[in-house]
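Observations on chain architecture
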Amino acid sequence: MAHEEWEQNAGWWQEYFTDGADPEYEEQILPLAARELQGFGRVLDVGCGDGQVSRLAAQLGSDVVGIDPTWNCIRVATDRGTGVFAQAAAGQLPFADATFDAVVACLVFEHIRDVDDAIAEVSRVLRPGGRFAFFLNHPLLQTPNSGWIDDQFLDPPEQYWRIGAYLVEDETIEEVEKDVFIPFIHRPLSRYLNTLADHGLFLERMEEPAPPSGFLAKAEEYEAAATIPRLLYLRTTKRQAS
């Protein structure tokens, strides 16, 4: 069902989050990805969508392969960009061991059910010393039922960010727009970091950037959340063989 929902709603993603439409990608995610992928030869983009991160890596001089389980995304990525695009799932990558110098996954793993298989596959196809550039919706601050609360029962009234059930792994189907339903899987940060370490991928850098100005300008109430990060970035490196 999750795959069918993405296949059906690929056009929604392409319209609102790619090709310059989304300020968080334009002002924050793509510049950070450019910094993190600079200088790597062979790059795999897992869950490439329409290929905007793949196109960025190609512009940096990398040889890029993008994979996505959604045919509608692969078709658009092939039409829009440079590189090789193939339909494949993250948990069953069709590549030999140590094929890539870097792997990138941008806002993908919060939609993947078989997270253990997917991280194991990332490690397998990455060369020793290679980089996994891992972008997530912030797992603490984007838990199910979290959000900005305007509490009028307090005296004086207060606004605060409510955190959902952070430690509980939970899958939800969210109506992100009228009649557009997308599956999200929440996991605590420790779940990701421990699974990465179990497969030889170790944390080198972590970033929690503030929302960019273009996003905050989209609605007046967003200014109140200017100190609440929406994005988490983890730079991990595959352990060299001993």
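The text that follows walks through the structure, step by step, so that each part is easy to find. (Residues numbered from 1 in each chain as written. Predicted model: local features only at pLDDT ≥ 70, side-chain atom pairs only at ≥ 80, totals over all residues. Heavy atoms only, no water.)

Remarks on the side chain of Thr 143
If you trace the backbone, Thr 143 turns up in the loop between strand E5 (126-137) and strand E6 (147-151). In terms of polar contacts, Thr 143 uses its side chain to reach the backbone amide nitrogen of Gly 164, at 2.8 Å. Residues within four places of Thr 143 in sequence aside, it is in contact with Ile 163, Gly 164, Ala 165, Tyr 166 and His 186. (Helix = DSSP H or I, 4+ residues; strand = E, 2+ residues; numbered from the N terminus. Polar contact = N/O pair within 3.5 Å; in protein donor to acceptor, adjacent residues only side chain to side chain. Contact = heavy atoms within 4.5 Å.)

Focus on the packing of aromatic side chains
Summed over all chains, the structure comprises 6 aromatic pairs. Between Phe 109 and Phe 134, the aromatic rings sit 4.9 Å apart at their centres with planes inclined by 75 degrees, giving edge-to-face as the arrangement. Within this pair, whereas Phe 109 is found in the loop between strand E4 (100-106) and helix H5 (115-125), its partner Phe 134 is found in strand E5, the two being separated by 25 residues in sequence. Relative to Tyr 192, the ring of Phe 134 has its centre 5.7 Å away and its plane inclined at 80 degrees; by these criteria the two rings are edge-to-face. Placement of Phe 134 in strand E5 and of Tyr 192 in helix H6 (residues 189-198) is noted, with a sequence separation of 58 residues between them. In this pair, the class of Phe 134 matches that of Tyr 192, namely buried. (Phe/Tyr/Trp six-rings, centres within 6.5 Å; stacked < 30°, edge-to-face > 60°. Buried < 20%, exposed > 50% of the residue type's maximum accessible area, 1.4 Å probe, protein only.)

Regarding the nonpolar core
Residues Leu 44, Ile 67, Phe 95, Val 103, Phe 109, Phe 132 and Phe 134 are the most contacted members of the largest nonpolar core, which totals 29 residues. Within the residue set of this core, elements represented by two or more residues are strand E1 (42-46), strand E2 (63-68), E4, H5, E5, H6 and strand E11 (231-238). Ranked by residue count, the leading element in this core is H5, at 5 residues. Beyond its immediate stretch of four places on either side in the chain, Phe 132 contacts Val 103, Val 104, Ala 105, Phe 109, Val 122, Leu 126, Leu 196, Leu 201, Leu 234, Arg 235 and Thr 236. (Core = buried A, V, L, I, M, F, W, Y, C linked by side-chain atoms within 4.5 Å.)

Considerations on unusual backbone geometry
Positive phi values are uncommon outside glycine, yet Asn 145 reaches one of about 70 degrees. Tracing the sequence through the fold places Asn 145 in the loop between E5 and E6. Despite not being glycine, Asp 179 has its phi angle at roughly 70 degrees, a positive value. Along the chain, Asp 179 turns up in the loop between strand E8 (170-177) and strand E9 (180-186).

Focus: the pattern of salt bridges
Under the criterion given, the structure shown has 19 salt bridges. Salt-bridge contacts for Arg 124 lead to Asp 97; the nearest nitrogen and oxygen are separated by 2.9 Å. One end of the pair, Arg 124, is in helix H5; the other, Asp 97, is in the loop between strand E3 (84-87) and E4, with 27 residues separating them in the sequence. Judged by its relative accessible area of 53%, Asp 97 falls in the exposed class. Between Arg 187 and Glu 169 there is a salt bridge whose closest N-O contact spans 3.9 Å. Of the two residues, Arg 187 is situated in the loop between E9 and H6 and Glu 169 in the loop between strand E7 (158-162) and E8; the sequence distance between them amounts to 18 residues. Assessed through its relative accessible area of 2%, Arg 187 is described here as buried. Judged by its relative accessible area of 41%, Glu 169 falls in the partly exposed class. In the salt-bridge network here, residues are joined through shared partners; they are Arg 35, Glu 36, Arg 131, Glu 204, Arg 205, Glu 207 and Arg 235. (Salt bridge = Lys/Arg side-chain N within 4 Å of Asp/Glu carboxyl O.)

Structural notes on the packing of H5 against H6
Running from amino to carboxyl end, H5 crosses H6 at an angle of 45 degrees, the nearest separation of the two axes being 9 Å. Classed by the angle they form, the pair H5 and H6 counts as oblique. Considering only the axes of H5 and H6, their crossing is right-handed. Of the residues in H6, those touching H5 at Val 115, Asp 116 and Ile 119 are Arg 191, Tyr 192, Thr 195 and Leu 196. (Axes fitted to C-alpha atoms, helices over the stretch in contact; angles between N-to-C directions. Parallel < 35°, antiparallel > 145°, perpendicular 65-115°, else oblique. Left-handed = near helix turned anticlockwise from the far one by under 90°.)

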